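Structure assessment
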Amino acid sequence: QVQLVQSGGGLVHRGGSLRLSCAFPGRTFSTYALVWFRQAPGKQREWVATIPSGGSTVYADSVKGRFTGSRDNAKNTVYLQMNSLKPEDTAVYYCAVIVGNPGRRYWGQGTQVTVSS
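So, here's what we can say about the structure. Everything numeric in this text was worked out from a predicted model, so none of it was measured.

Under the definition given, this model contains one disulfide. Residue pairing for cysteine 22: its cysteine sulfur links by disulfide to cysteine 95, the two sulfurs lying 2.0 Å apart. Here the disulfide of cysteine 22 and cysteine 95 is right-handed, its torsion about the S-S bond being about 70 degrees. A residue pair is termed long-range when its members are at least 10 positions apart, and cysteine 22 in strand β3 (residues 18–23) and cysteine 95 in strand β9 (residues 91–99) qualify at 73 residues.

We now examine the environment of cysteine 95. Among the residues examined, cysteine 95 registers a relative accessible area of 0% and is labelled buried. Placed 62 residues apart in sequence, cysteine 95 and alanine 33 show a C-alpha to C-alpha distance of 11 Å. If we ignore the near neighbours within four places in the chain, the residues touching cysteine 95 are Leu4, Gln6, Cys22, Val35, Trp36, Tyr106, Trp107 and Gly108.

Moving on, we get to the pattern of salt bridges. Per the counting criterion, the structure on display carries four salt bridges. Across the pair arginine 38 and aspartate 89 runs a salt bridge whose closest N-O atoms are separated by 2.9 Å. Of this pair, arginine 38 sits in strand β4 (residues 34–39) while aspartate 89 sits in the loop between β8 (77–82) and β9, and the two are 51 residues apart along the sequence. Aspartate 89 shares its class with arginine 38; the two are buried. When the shortest N-O distance is used, the salt bridge between aspartate 61 and lysine 64 registers 3.1 Å. Overall, aspartate 61 belongs to the exposed group, its relative accessible area being 66%. Taken together, the salt bridges that share partners define one network made up of Arg38, Glu46, Arg66 and Asp89.

Conventions used here
- Residues numbered from 1 in each chain as written.
- Predicted model: local features only at pLDDT ≥ 70, side-chain atom pairs only at ≥ 80, totals over all residues.
- Heavy atoms only, no water.
- Disulfide = S-S within 2.5 Å.
- Helix = DSSP H or I, 4+ residues; strand = E, 2+ residues; numbered from the N terminus.
- Buried < 20%, exposed > 50% of the residue type's maximum accessible area, 1.4 Å probe, protein only.
- Contact = heavy atoms within 4.5 Å.
- Salt bridge = Lys/Arg side-chain N within 4 Å of Asp/Glu carboxyl O.

Now the structure itself:
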């Protein structure tokens, strides 16, 4: 069974910072790319960042320069450090991974990020 466990998030003022975590236990974690998405109220889920198994994290233009994705393979965990937060970053954030052949995407439980103005 594939399980992603998220933590972090919360309420912060404009310009503040938060860090999200996503644990992916029980697998050969280091070989998987993990992806962050977010969904704001009334909007479609959108891609935020992809943390590859090797190489550099890729970001959506809306978060580039403010968010940093990283991974700790020893802890089977990826992180999303969010700085200079804006009210428009308010959303439920999800991590996701594709497992299997054919691939199936699995989602974390989501975590709320609220940025007040």
